[in-house]
Amino acid sequence: ALQLKLDGVNHVLQETVTELNATQGKMEMLQQQVLSLVSNQISMMGIIALLYLYIIFVSILYQFVTDIGGFWWWLGFTLLPISILVASVICGMRCQTMWSDVDSSNLIEPMGSIETETLATAEDIGDSIIHTEKSRLISPQKSFVRRQSITSMISKSMSSLLNRKSMRRLSSGIDKSILHAREAYSLPDVEEWPHRPLFVCLNTPVCSNHKVPEHGLGSCPIGVPFKFESDLFVGQCLIRLKGANSDDPEGDEEYFTGRKRIFQSVIQGQFKEKVNVADVLTGHEFSRPLKNLPHPWVLKTATNFIGKVTPGANVVVHTNQPHVEALLSGSSQVIRGDMPGNEPEIACKNLVEDCSVLGGAFKDGDVPVARRKRILSNPARCKEYSFDCETVYTFEFYQNLFDASSYSLDLGFTKIGCSQMLAGQPIQWLGKMRDGRYLWSFQIWHEKLLKAAASYK
């Protein structure tokens, strides 16, 4: 009974951390939008000043020079003013769009007050009484909510940008427990990498019992399924990376031909204990702060892209331990459950969705993928479902944004190199529980990371 109550308290604390992480993510989005808005307004002011100087220049020119013609007339009286006007219109439209985005009633909810509650759990076991306190974010009642004006919000945000002590305090207060990840110095020499410049391996520090029997601590296959086991999951994994030196080049070519996707990862296997769907997460996590981040509006665009690929993703960038977390059930492109022996071959070109094993809204097996993502990316709704220990589950994830062969993020209009930004840390393909236990965790290294990683040996 005591253990059950301790588990309940732990669950409440985890929910509190989740709420605070979500709040920090919203604050970071606001910070990025304000930076972009300020940058555009400064540009607008510069253009207006240029236009004002141009008018003065033309006035003076007309007084002292009367015979202007040819190229200089065309440049000074046609091309230059048209260019200034076009730049003014473009910059003005961007400012108007960004002002409409920075809306205090939609972007962030009122923060409310931090109220301390005391949960007292008393058991008559000797003289011991367990008192657990938690700080929880309490939303104020609507009748007392005071809507902030955009001007007030911008003013406060600018103050926060000039003095980031408050942001650092928030980050330090909600950082997760210290993360440990496999570092570059534990890898074999780059000359020994079979898939050079890439190296896929087990992230051993996160789980002492996480094993890949056939490959140990060495390189895991690319393009070919391999078996693995952890404390919570046993099964096989497949990672396909377009442009990589694959162990099955023909299979990769057949899979990627005619498709925009450039990255695929599949997990198939069984859970070792029954778990709630709302507690199973995926994403990326880093043990050190990111560096050389791109311009805020580029970062915002990248965040929006991540949100489209992984619905409900919680993106926290400006912290000592950056992370992107989303529910595995809401971010997977394909989920299916089969009885042992009936599961599909994960190396096939097309995996077909079948969530009927989950029951509830999915019992008839006819729920479209888009609707499944909407349902299972909502923590409140997916709490109704569980992953059992008897079913063989298959989770497929693919995307067309991150190019592992060049280690860059392709946003369509630009490519962002990730090797310097990640401070020598690789991306991962991971699954973990909300309580911090890992189902699987694999790292995808690129030799571009090694130079930056050397300073952290």
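Scroll up a little and you will see the structure.
Now for a look at the structure at hand. (Residues numbered from 1 in each chain as written. Predicted model: local features only at pLDDT ≥ 70, side-chain atom pairs only at ≥ 80, totals over all residues. Heavy atoms only, no water.)

**A closer look at the pairing of strand 10 (residues 323-327)**
Item 1. The buried fraction of strand 10 is high, at five of five residues.
Item 2. Of the two faces of strand 10, the one holding H323, E325 and L327 and the one holding V324 and A326 are both buried throughout.
Item 3. Examined bridge by bridge, strand 8 (residues 280-285) and strand 10 share five bridges and lie antiparallel to one another. Bridging across to strand 10, L281 finds its partner in L327.
Item 4. Two strands pair when backbone bridges link them, and strand 9 (residues 314-316) and strand 10 are joined in this way by three bridges, in the antiparallel orientation. Directly across from V316, in strand 10, lies its bridge partner H323. (Buried < 20%, exposed > 50% of the residue type's maximum accessible area, 1.4 Å probe, protein only. Helix = DSSP H or I, 4+ residues; strand = E, 2+ residues; numbered from the N terminus. Pairing = 2+ DSSP bridges.)

**Concerning the side chain of H323**
Item 1. With respect to the helices and strands, the residue H323 is situated in strand 10.
Item 2. Within the structure, H323 has its side chain in polar contact with the backbone oxygen of Q321 (distance 3.0 Å). (Polar contact = N/O pair within 3.5 Å; in protein donor to acceptor, adjacent residues only side chain to side chain.)

**Section: the sheet that holds strand 17 (residues 427-433)**
Item 1. With antiparallel pairing, the six strands of this open sheet are ordered in space as 3-18-17-8-10-9. Looking at the sheet topology across the chains shown, the edges are occupied by strand 3 (198-202) and strand 9. Sheet twist, expressed as the average angle between the axes of neighbouring strands with direction ignored, equals 15 degrees. (Axes fitted to C-alpha atoms, helices over the stretch in contact; angles between N-to-C directions.)

**Describing the packing of aromatic side chains**
Item 1. Taken as a whole and judged by the stated rule, the model has 18 aromatic pairs.
Item 2. Ring plane angle 85 degrees and centroid distance 5.4 Å describe the contact between F226 and F442, whose orientation is recorded as edge-to-face. Taken as a pair, F226 in strand 4 (residues 226-229) and F442 in strand 18 (residues 438-446) lie far apart in primary sequence, 216 residues in all. Like F226, the residue F442 is buried in the burial classification.
Item 3. On the numbers, 5.5 Å between centres and 90 degrees between planes, the contact of F228 with F442 is edge-to-face. Taken together, the positions of F228 in strand 4 and F442 in strand 18 put the pair 214 residues apart, joining distant regions of the chain.
Item 4. Owing to a relative accessible area of 0%, F442 belongs among the buried residues under this scheme.
Item 5. Positioned above the aromatic ring of Y398 is the side chain of R261, whose terminal nitrogen or guanidinium carbon lies 3.6 Å from the ring centre. (Phe/Tyr/Trp six-rings, centres within 6.5 Å; stacked < 30°, edge-to-face > 60°. Lys NZ or Arg CZ within 6 Å of the ring centre and 35° of its normal.)

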